[in-house]
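The chain contents come next:
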Number of protein chains: 2
Amino acid sequence: MKNQQGFVLWLTGLSGAGKTTTGKAIYEKLKQKGYKIELLDGDKIRENLTQDLGFSKKDRNENIKRVSFVAGLLSNHQIGVIACFISPYKKQRQMARNFCKNFVEIHINTPLNICEKRDIKGLYEKARKGEIQKFTGIDDPYEEPKKPDLVLDGSKKEKIKQNSKIVIDFLKEKKYI
Amino acid sequence: MKNQQGFVLWLTGLSGAGKTTTGKAIYEKLKQKGYKIELLDGDKIRENLTQDLGFSKKDRNENIKRVSFVAGLLSNHQIGVIACFISPYKKQRQMARNFCKNFVEIHINTPLNICEKRDIKGLYEKARKGEIQKFTGIDDPYEEPKKPDLVLDGSKKEKIKQNSKIVIDFLKEKKYI
């Protein structure tokens, strides 16, 4: 195993922005290189940790609190964590930072119209029809990070490799890996 | 850092049996020796992960599921976890085992009358008065482990050092440390 510090790559952005796709690409690259990495995304966390939670502000905050606590535990034990969550509110991301060691806020910046056109899970359509309430970007705000550690353009799939490289270079620069 | 495998020491027993006291003693000993160890107990977990949960069977199961998931993540990354939870039902402990790497079920075996006499948090008194419902050992069952990996006598405080040694010898025997 390679020498590394614990860190948390916190990928924030709209639904469909490409957070999990980007996160998985970074995960694969770092695993390949022999680092200890854990990927936390909505699916894994919902099944095991937050099944009870909905989309109210209170529930969203609780969701991020639980994830941050787990990311914090792992990062304190020299594990690199990649966390992919919409985390739309500034205060949530601040809370996450407080739990974690070497927190890196990464904004996966993809315009709403592109996310909506992708609509992989059909959620935007449901939100537009009013079948889902409080959907980020539609009838609930996404508070854009003002000073994220990194901004990645998530609008083009071809850029994923390049984006992974930007993140890995950042980790090296910070001497986290 | 020393060479080690991930493992989970799962300390089960009545409220007041001495789970956290024993867990802390093992934690200190292993930390001192340079191992990567995380202690998960009710207080830490309730604040960060399970604030919403009460003492119904459903809530108790959910509680153990979340803790087991976290213990599983840590143990899969070569961290030693010490988890101190009443975990009164056999099925819960089986679920925990399924989540974790190198799961060691340890029954902190202290007779109910001794736990009740200690009553450090005053919970037994409240349970006897009916102010708390579904309290393990009083009006909710504790299903004793039939084949735990270890049984420790928690009735005497003087035995804590000796009990820690038993656990650490077990970890060595299993080559987890």
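Quantities reported herein were computed from a predicted structural model and do not represent experimental measurements.

Draft legend 1. Region of the structure containing the pattern of salt bridges. All names here are of chain A. Scanning the model with the defined rule gives 26 salt bridges over all chains in all. For D169, the salt bridge goes to K165, with nearest N and O atoms at 2.8 Å. Placement of both D169 and K165 in helix 7 (residues 160–173) is noted, with a separation of 4 residues, approximately one turn of the helix. Since its relative accessible area comes to 51%, K165 is described here as exposed.

Draft legend 2. Quick peek at the nonpolar core. Counting residues in each nonpolar core, the largest one holds 38 residues, and the members touching the most others are A:W10, A:L40, A:V70, B:W10, B:L40 and B:V70. A:V70 has contacts with A:L40, A:L49, B:L49, B:V70 and B:L73, leaving out every residue within four places of it along the chain.

Draft legend 3. Summary view of helix 4 (residues 90–99) of chain B. Residues and elements named next belong to chain B. When helix 4 is considered as a whole, its buried residues turn out to be Q92, R93 and A96. Looking straight down helix 4, one finds its buried side chains confined to an arc of 95°; they lie on one side. Facing away from the buried side of helix 4 by over 90 degrees, the exposed positions are K90, K91 and N98. On its buried side, helix 4 packs onto strand 1 (7–12), helix 3 (57–76) and strand 4 (103–109).

Draft legend 4. Summary view of the relation of the copies chain A and chain B. Aligned on chain B, chain A shows an RMSD of 0.0 Å; the corresponding rotation is 180° and the shift along the axis is 0.0 Å. A rotation of that kind, with that shift, is consistent with a two-fold axis. In this assembly the copies share their binding face: 100% of the residues contributing to the interface of chain A also contribute to that of chain B.

Draft legend 5. Up close: the environment of A:K121. Looking at where A:K121 falls in the secondary structure, it is placed in the loop between helix 5 (112–118) and helix 6 (123–129). Taking relative accessible area as the criterion, A:K121 reaches 62% and is therefore assigned exposed.

Draft legend 6. Geometry of the packing of aromatic side chains. Residue and element names in this part refer to chain A. This model, assessed by the stated rule, comprises 10 aromatic pairs over all chains. Every member of this aromatic cluster is reached through a ring pair, and the members are W10, F85 and F103. Over the aromatic face of Y89 sits the side chain of K57, whose NZ or CZ is 4.6 Å from the ring centroid.

Quick notes on the rules
Positions within a chain are numbered from 1, following the residues in the order the chain's sequence is written. Labels are handed out in written order, letters beginning with A for the chains and numbers beginning with 1 for the ligands. In keeping with the model being predicted, local features are shown solely for residues with a pLDDT of at least 70 and side-chain atom pairs are shown and tallied solely at 80 or more, while totals for entire chains, interfaces and linings include all residues. No hydrogens and no water enter the side-chain calculation; it runs on all heavy atoms of the structure. Any Lys or Arg side-chain nitrogen found within 4 Å of a carboxyl oxygen on Asp or Glu counts as a salt bridge. Each helix corresponds to a stretch of at least 4 residues labelled H or I by DSSP, and each strand to a stretch of at least 2 residues labelled E; elements are numbered beginning at the N terminus. Think of it in three bands: with a 1.4 Å probe and only protein chains considered, a residue is buried below 20% of the maximum accessible area for its type, exposed above 50%, and partly exposed in between. For this analysis, a nonpolar core means a set of buried residues of the types Ala, Val, Leu, Ile, Met, Phe, Trp, Tyr and Cys, connected via side-chain atoms within 4.5 Å. Note on contacts: a residue pair qualifies if any of its non-hydrogen atoms lie within 4.5 Å across the two residues. Throughout, the arc means the angular range of directions from the helix axis out to the C-beta atoms. The superposition of copies rests on a least-squares fit of C-alpha positions from residues with pLDDT of 70 or more in both. Under the pairing criterion, centres of Phe, Tyr and Trp rings, with the six-membered ring standing for Trp, must be within 6.5 Å; the plane angle then separates stacked pairs below 30 degrees from edge-to-face pairs above 60, leaving the rest tilted. Geometrically, a charge over a ring is one whose NZ (Lys) or CZ (Arg) sits within 6 Å of the ring centre while staying within 35 degrees of the ring normal.

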